[in-house]
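# Structure assessment
Residues per chain, in single letters:
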Amino acid sequence: MNIDTIHTFIKQVALRKERLGFITDGDIDLALDRSQLEELQDKFKDYGATQELHDSLSPFEVAVPFTAASGGIISLPSDYIHFLGMYTTVSGVRYPVSFKNKDEVVYAMQSQVRTPSITKPIAYQNAGTIQLYPEIIQSGLYWYLRRPAVPNANYTVSGRIVTYNPGGSTQLEWNEVYQSGIIARALVYLGLELDDAATIQFAELQKQETK
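Summarised in this report is the structure supplied together with it. Every value quoted in this text rests on a predicted model; they were computed, and no experiment measured them. Throughout this description, residue numbers start from 1 for each chain and increase along the sequence as written. Reporting of local features is limited, given that this is a predicted model, to residues whose pLDDT is at least 70; pairs of side-chain atoms are given and counted only at 80 or more, and all residues count toward the totals for whole chains, interfaces and linings. Computation of side-chain values covers all heavy atoms of the structure but excludes hydrogens and water.

### As for the nonpolar core
In these notes, a set of buried Ala, Val, Leu, Ile, Met, Phe, Trp, Tyr and Cys residues joined through side-chain atoms within 4.5 Å is what counts as a nonpolar core. Three exposure classes are used, based on accessible area relative to the maximum for each residue type with a 1.4 Å probe and protein chains only: buried under 20%, partly exposed in between, and exposed over 50%. Counting 26 residues, the largest nonpolar core has Ile6, Ile10, Leu32, Leu40, Trp174, Leu190 and Leu192 as the members making the most contacts within it. We count a stretch as a helix when DSSP gives it H or I for four or more residues in a row; a strand needs E for two or more, and each element gets its number in order from the N terminus. Those elements that provide at least two residues to this core are helix H1 (3–16), helix H2 (25–44) and helix H5 (179–189). Tallying contributions element by element places H1 first for this core, with six residues. What Leu192 contacts, discounting residues up to four positions off in sequence, is Ile10, Val13, Ala14, Lys17, Arg19, Ile23 and Leu187. Counting residues in hydrophobic clusters, the runner-up holds 13 residues, among them Ala68, Ile74, Leu132 and Tyr142. By definition in these notes, contact holds between two residues if any of their heavy atoms fall within 4.5 Å.

### Brief notes about the sheet that holds strand E7 (residues 129–133)
The pairing criterion for strands is at least two bridges between them, as found by DSSP. What the four strands build is an open sheet, ordered E2-E7-E6-E5; its pairing is mixed. The sheet is open, and its two borders are formed by strand E2 (73–75) and strand E5 (98–99), each paired with just one other strand. Where E5 and strand E6 (residues 122–126) come together, two bridges link them in parallel fashion. Bridge pairing links Ser98 to Ile122 in E6.

### Details of the sheet that holds strand E3 (residues 80–90)
The strand order across the open sheet built from four strands is E1-E8-E3-E4, with neighbouring strands paired in antiparallel fashion. What marks the edges here is a single partner per strand, and that holds for strand E1 (61–68) and strand E4 (93–96). In this sheet, adjacent strand axes meet at a mean angle of 30° when their direction is disregarded. Judged from the eight bridges that link them, E1 and strand E8 (residues 138–146) form a sheet pairing that is antiparallel. Note that in E8 the partner of Ala68 across the bridge is Gln138. Lines fitted to C-alpha atoms define the axes, with helix axes restricted to the stretch in contact, and inter-axis angles between N-to-C directions lie between 0 and 180 degrees. Each of E3 and E8 touches H2; the most contacted strand, E3, lies at about 50° to it.

### What about the environment of Gln138?
Secondary-structure assignment places Gln138 in strand E8. By relative accessible area, Gln138 is classed as buried at 5%. For Gln138 and Thr88, which are 50 residues apart along the polypeptide, the C-alpha to C-alpha distance reads 6.7 Å. Leaving out residues up to four positions away in the same chain, Gln138 has contacts with Phe66, Thr67, Ala68, Thr88, Ile118, Pro121, Leu132 and Tyr133. Each polar contact in these results corresponds to two N or O atoms within 3.5 Å; when the atoms are within protein, one needs to be able to donate a hydrogen and the other to accept it, and residues that are neighboring in sequence are counted only if both atoms are side-chain atoms. Here Pro134 takes part through its backbone oxygen, which lies 2.9 Å from a polar atom of the side chain of Gln138.

### Some words on the packing of H2 against H5
Two elements in contact, H2 and H5, have axes whose closest approach is 8 Å; the angle formed by their N-to-C orientations is 125°. Accordingly, the angle class assigned to the pair H2 and H5 is oblique. You can see that H2 and H5 cross each other, and the crossing is right-handed. Residues Ala31, Leu32, Arg34, Ser35, Gln36, Glu38, Glu39 and Asp42 of H2 form the contact with H5, whose own contacting residues are Gly181, Ile182, Ile183, Arg185, Ala186 and Tyr189. Should an angle lie under 35 degrees it is considered roughly parallel, over 145 roughly antiparallel, and from 65 to 115 roughly perpendicular; all remaining angles are considered oblique. Put simply, a crossing is left-handed when the front helix is turned counterclockwise from the back one by less than a right angle, and right-handed when it is turned clockwise.

### Notes on the pairing of E6
By definition, the crossover connecting two strands over a helix is right-handed if that path, from the first strand to the second, turns clockwise as seen with the strands pointing away from the viewer. Handedness of the crossover joining E5 and E6 through helix H4 (residues 102–110) is recorded here as right-handed. Here five bridges tie E6 to E7, and the two strands are oriented antiparallel to one another. Its bridge partner being in E7, Gln125 is matched across the sheet by Ile130. Between the end of E6 and the start of E7, which pair antiparallel, lie two residues, with Gly128 showing a positive phi angle near 80°.

Structural data, given as structure tokens:
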């Protein structure tokens, strides 16, 4: 469902509730963004438990090849939200990286048995970075969940004519089957309720979008 259709639906609900004059397009975009971030956090709690949960977050999964510097530090992207997994590669063989807390890292570095090596790498995640051990140049791949793009419905105004501008708009990136929950949350944040009439109208809009 494109962002204009979503805005139109929410405005129609607001009109029936006599709230249209109090809600702007900017308000709707903010409510949708807040809703999608909460939806992502809720689904991540059980990520991997079912195929459906995995599929719902698949648009935001990113795989990043890396080569850590000699100090073993890897900088995370600015759109990073959650870490999913990591491995290093040595002579074509993949070795999963085990993530530890600070105390576990200290213990591992002092241990004669659990000392990290290129075939048994460990890591500690800090704010915006990953510290990889052993602290040498290493290469591999890591996965993370990125932040969904901030939705934005762009309109041009000429006199009294308002025209939707798809080229200047940012769509919800979620697969359509998962958008209804985000829209329902947004309605709550805007002080609106998804009553029976709105539910029927929303279903009709979804049918039109899939034609």
